[in-house]
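The chain contents come next:
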Amino acid sequence: MPSSSVSLMLMFATTLLVVSSAAGNFYRDIDITWGDGRGKILNNGQLLTLSLDKASGSGFQSKNQYLFGKIDMQLKLVPGNSAGTVTAYYLSSQGPTHDEIDFEFLGNLSGNPYILHTNVFSQGKGNREQQFYLWFDPTADFHTYSILWNPQRIIFSVDGTPIRDFKNSESIGVPFPKNQPMRIYSSLWNADDWATRGGLVKTDWTHAPFTASYQNFNADDACVVWSSGASSCASSSSQSSSSNNNVWLSQELDSTNQDRMNWVQKNYMIYNYCTDTNRFPQGLPPECTTTNLS
Ligand SMILES: *[C@@H]1O[C@H](CO)[C@@H](O)[C@H](O)[C@H]1NC(C)=O
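Parameters at a glance
Residues numbered from 1 in each chain as written. Predicted model: local features only at pLDDT ≥ 70, side-chain atom pairs only at ≥ 80, totals over all residues. Helix = DSSP H or I, 4+ residues; strand = E, 2+ residues; numbered from the N terminus. Contact = placed C-beta atoms within 7 Å. UniProt positions renumbered as here; feature names shortened; annotations may be inferred. pLDDT = per-residue confidence, 0-100. Core = buried A, V, L, I, M, F, W, Y, C linked by C-beta atoms within 7 Å. Buried ≥ 20, exposed ≤ 12 C-beta atoms within 10 Å, placed from the backbone. Pairing = 2+ DSSP bridges. Axes fitted to C-alpha atoms, helices over the stretch in contact; angles between N-to-C directions.

Participant: I'm lost on the environment of A212 in this one. Help?
Facilitator: With respect to the helices and strands, the residue A212 is situated in strand β14 (residues 210–225). Considering only alpha carbons, one finds A212 and L77, 135 residues apart in sequence, at a separation of 4.7 Å. Those residues in contact with A212 that sit more than four places away from it in its chain are T49, L50, L75, K76, L77, V78, T87 and L188.

Printed below as a string of structure tokens:
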């Protein structure tokens, strides 16, 4: 075989490898777990949709369990009148003392803003809500929602802009999620008893079915916990340079990203448990007084 065609074949093989690791495939990575056909994997595994009608919502979960990771997903939320609907996208472990890292998108009447609700549970206890408006229409296009979860912090990002940095405050007695493997979950459901303007605006079922879409799932930088209990950590950057291995496992916000997060929190944050003194008359949660004030 002429050497030129050998190198062409090699190039082709390399391209395939890169493509398959860069773009997740929902058939490979995700199980639709409920909704009786309302959740669908389409386009050869490149697109996933969940839908909600009066009879039921739908949901999926990741096949893998993770103990730390940098996990990206692109979502396009229910368009038009989405009042009363909630699209939840989160990491969670199992059991009564579970850990959980939440994004929840609370729908609204046409032209009114979604609320992006975030929360962190450790060892069964949550009550750490922060809520935001978005600086774009989350129903017009796909946007990337990311969770960086490492032993020191949980950073929530939107299109690469950090919006929340929940730091490990174990040194002052606050449990941090770091021992329980989590799966990724998502669901689209009716929550018109509380979601929109605190439950004032109900779901208008004449607009059903409501549909949210997902693409470009990426958990290349993550530690997968196998059913045997063994785990293995991978890093997409290890392909190019072994010295870059698992940078994400100790990543923190540099000053540029700290500034960007401050900008979001100043302009788009609408609720912060850490400033809600009415709710915590006995004193704010301990992590609020030190590292998680903003
Ligand atoms: C819906 O729109 C109203 C009016 O603009 C706003 O007060 C509310 O925060 C919005 N979002 C939700 C989920 O209620």
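Participant: I'm lost on the UniProt feature "glycosylation site" (unreviewed entry) in the protein chain in this one. Help?
Facilitator: Per the UniProt entry, the sites bearing "glycosylation site" (unreviewed entry) are N108 in this numbering. Checked against the element boundaries, N108 lands in the loop between β7 (100–106) and β8 (115–121). When near neighbours in sequence (up to four residues on either side) are disregarded, N108 contacts S82, A83, P113, Y114 and T196.

Participant: Quick question: what am I supposed to make of the confidence of the model for the protein chain here?
Facilitator: In low-pLDDT regions, the fine details of the predicted coordinates are not to be read closely. Mean pLDDT over the protein chain stands at 91; residues scoring 70 or higher make up 88%. Across residues 1–21, confidence stays below pLDDT 50; counting only partners more than four residues off in sequence or on other chains, it has 3 contacts.

Participant: Any chance you could explain the nonpolar core here in plain terms?
Facilitator: Across soluble globular proteins, nonpolar side chains show a tendency to be buried alongside one another. One finds M73, L75, F105, I147, W149 and I154 to be the most contacted residues of the largest nonpolar core, which totals 49 residues. With 7 residues, the top contributor of residues to this core is β14. Beyond its immediate chain neighbours, meaning those up to four positions away, F105 contacts L77, V86, T87, Y114, L116 and P138.

Participant: Please explain the sheet that holds β7 as it appears in this structure.
Facilitator: Sheet strands associate in pairs through backbone hydrogen bonding, adopting either a parallel or an antiparallel arrangement. Spatial strand order, β1-β4-β13-β6-β7-β8-β9-β16: 8 strands in an open sheet with antiparallel pairing. At either margin of the open sheet sits one strand with a lone partner, and together these are β1 (30–34) and β16 (269–272). Between one strand and the next, the sheet's axes are offset by a mean angle of 15 degrees, whatever the strand orientation. Summarising the sheet, strand β9 (residues 130–132) and β16 pair through 3 bridges and their orientation is antiparallel. Bridged to Q130 within β16 is N272.

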